[in-house]
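Report on the structure
If you want the building blocks of each chain, they are given just below.
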Amino acid sequence: MTDLKQLAATIRGKAGRAKRFMVAIAGAPASGKSTTSARLRDELTAMGEKAIVVPMDGFHFDDSILNARGHRPRKGAPFTFDVAGFEALLKRIRAGEPDIAIPVFDRTMELSRNAADIVDGSARIILIEGNYLLLNEAPWNRLRPLFDYSIYLQVPIEELERRLVQRWLDHGFDMAYATNWIASNDLPNIREVIAKSSGADLTI
């Protein structure tokens, strides 16, 4: 198991005296990005740092848009996100603007809640988490210059599948739904992340 206390100390050391330090935490669906980001935030907070998590998932296109484009069956694929909007947000955060409202994806409602959290002016270490942060193809590769440090969570496909099955069951879906959705959507997304992500400063 990764020592997140030590990783938090590493991030803090690399941040030096920077007013804003942007850390990308990338990996396939169910690789543990959200959990790792939250725990790193807590460790950094315990060290006296002001850290906040900014999730990529807040930039999911709404189902109404996905349905109109015929993309609803692939929700969560790279082309079902507002990448330009996400890029604009990261640029604002990097520039140090105060009190920036960010959207957060609510899995219980399957939609993004606008202005659901705030990146305030005192936030120094920004932990950005998402599947496609390190993709080496446009438009996602435009994000790379915005990160000061990047972490890739590497998990075997078999374990990712196991976690995804449990995730869908926990959300109240049956095994048939979980199996079909994973095969038709989650696995293609997993393979894309694995095949096209590169350049992380640290792979865990």
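Refer to the structure above for everything that follows.
Now for a quick tour of the structure. (Residues numbered from 1 in each chain as written. Predicted model: local features only at pLDDT ≥ 70, side-chain atom pairs only at ≥ 80, totals over all residues. Heavy atoms only, no water.)

1. Quick look at the overall build of the protein
To keep it simple, the criterion reads: Going along the chain from the N terminus, every DSSP run of H or I of four or more residues is numbered as a helix, and every run of E of two or more is numbered as a strand. Our radius of gyration looks at C-alpha atoms and nothing else; its globule reference is 2.2 Å times the residue count to the power 0.38. Remark: exposure states derive from per-residue accessible area (1.4 Å probe, protein chains only) relative to the maximum for the residue type, with buried under 20%, exposed over 50%, and partly exposed in between. The contact rule is simple, with two residues in contact once any of their heavy atoms fall within 4.5 Å. Per-residue accessibility takes into account occlusion by the displayed protein chains alone, with areas from the Shrake-Rupley method and a 1.4 Å probe. For the purpose of counting charges, residues Lys and Arg are taken to be positive, whereas Asp and Glu are taken to be negative. His and the chain ends are not included. Note on charges: their place is set at NZ of Lys, CZ of Arg, CG of Asp or CD of Glu.
Of regular secondary structure, the protein possesses 6 helices and 7 strands. In sequence order, the protein lays out its α and β elements as α-β-α-β-α-α-β-β-β-β-α-α-β. The C-alpha radius of gyration of the protein comes to 17 Å, within 12% of the 17 Å expected for a compact globule of 204 residues. In terms of overall dimensions, the protein has a C-alpha envelope of 50 × 35 × 30 Å along the principal axes. In the protein, buried positions account for 44% of the 204 residues. Pairs at least 24 residues apart make up 73% of the contacts formed inside the protein by residues separated by at least 6 positions. By element, 51% of the accessible surface of the protein is carried by carbon and sulfur atoms, the whole surface being about 9,800 Å². Each charge class in the protein was averaged separately, 27 positive and 26 negative side chains, and the resulting centres sit 5 Å apart.

2. Observations regarding the pairing of strand S3 (residues 100-106)
Let me state the cut-off plainly: Should DSSP find at least two bridges between two strands, the strands are regarded as paired.
Within S3, 5 of the 7 residues are buried, which leaves it mostly tucked inside the rest of the structure. Sheet topology note: the S3/strand S4 (residues 111-119) ladder contains 6 bridges and is antiparallel. Note that in S4 the partner of Phe105 across the bridge is Ser112. In textbook terms, the turn of a hairpin is the stretch between consecutive antiparallel strands, and for S3 and S4 this stretch comprises 4 residues, one of which, Glu110, has a positive phi near 60°.

3. Section: the packing of aromatic side chains
Using the following cut-off: In summary, the pairing rule links any two rings of Phe, Tyr or Trp, Trp by its six-membered ring, whose centres are within 6.5 Å, and it sorts them by plane angle into stacked for under 30 degrees, edge-to-face for over 60 and tilted for everything else. A positively charged side chain is recorded as over a ring if its NZ (Lys) or CZ (Arg) lies within 6 Å of the ring centre. The angle to the ring normal must also be within 35 degrees.
Within this structure, the stated rule accounts for 9 aromatic pairs. Each residue in the set Trp168, Phe173, Tyr177 and Trp181 is aromatic and connected to the rest through ring pairs, giving one cluster. Lying across the ring of Phe61, Arg69 places its NZ or CZ 5.0 Å from the centre.

4. Quick notes on the layout of surface pockets
To be explicit about the condition: Here a cavity means grid points, on a 1 Å grid over the protein atoms only, where a 1.4 Å probe fits yet cannot get out; a pocket means an open set of points with protein on both sides within 12 Å along at least five of seven lines; lining residues are those with an atom within 4 Å of a point. Grid points are joined across faces, edges and corners, and a volume is the space filled by probe spheres set on the points. Residues were grouped as follows: Ala, Val, Leu, Ile, Met, Phe, Trp, Tyr, Cys and Pro as nonpolar; Asp, Glu, Lys and Arg as charged; and all remaining residues, including Gly, as polar.
Taken as a whole, the largest pocket holds about 990 Å³ of empty space. In this structure, the largest pocket is lined by 43 residues; those nearest its centre are Ala30, Lys33, Ser34, Arg107 and Arg167. Looking at the lining of the largest pocket, the elements that each hand over two or more residues are helix H2 (33-46), S3, strand S5 (125-130), helix H5 (157-170) and helix H6 (175-196). Element by element, the count of residues in the lining of the largest pocket is highest for H5, at 6 residues. Class assignment of the residues belonging to the lining of the largest pocket gives a composition of 17 nonpolar, 14 polar and 12 charged.

5. Some remarks on the pattern of salt bridges
So the rule is basically this: For this analysis, a salt bridge means a side-chain nitrogen from Lys or Arg found within 4 Å of a carboxyl oxygen belonging to Asp or Glu.
By the definition in use, this model includes 16 salt bridges. Notably, a salt bridge pairs Glu43 with Lys5, separated by 3.2 Å at the nearest N-O pair. Remark: Lys5 occurs in helix H1 (residues 4-15) and Glu43 occurs in helix H2; sequence separation between them is 38 residues.

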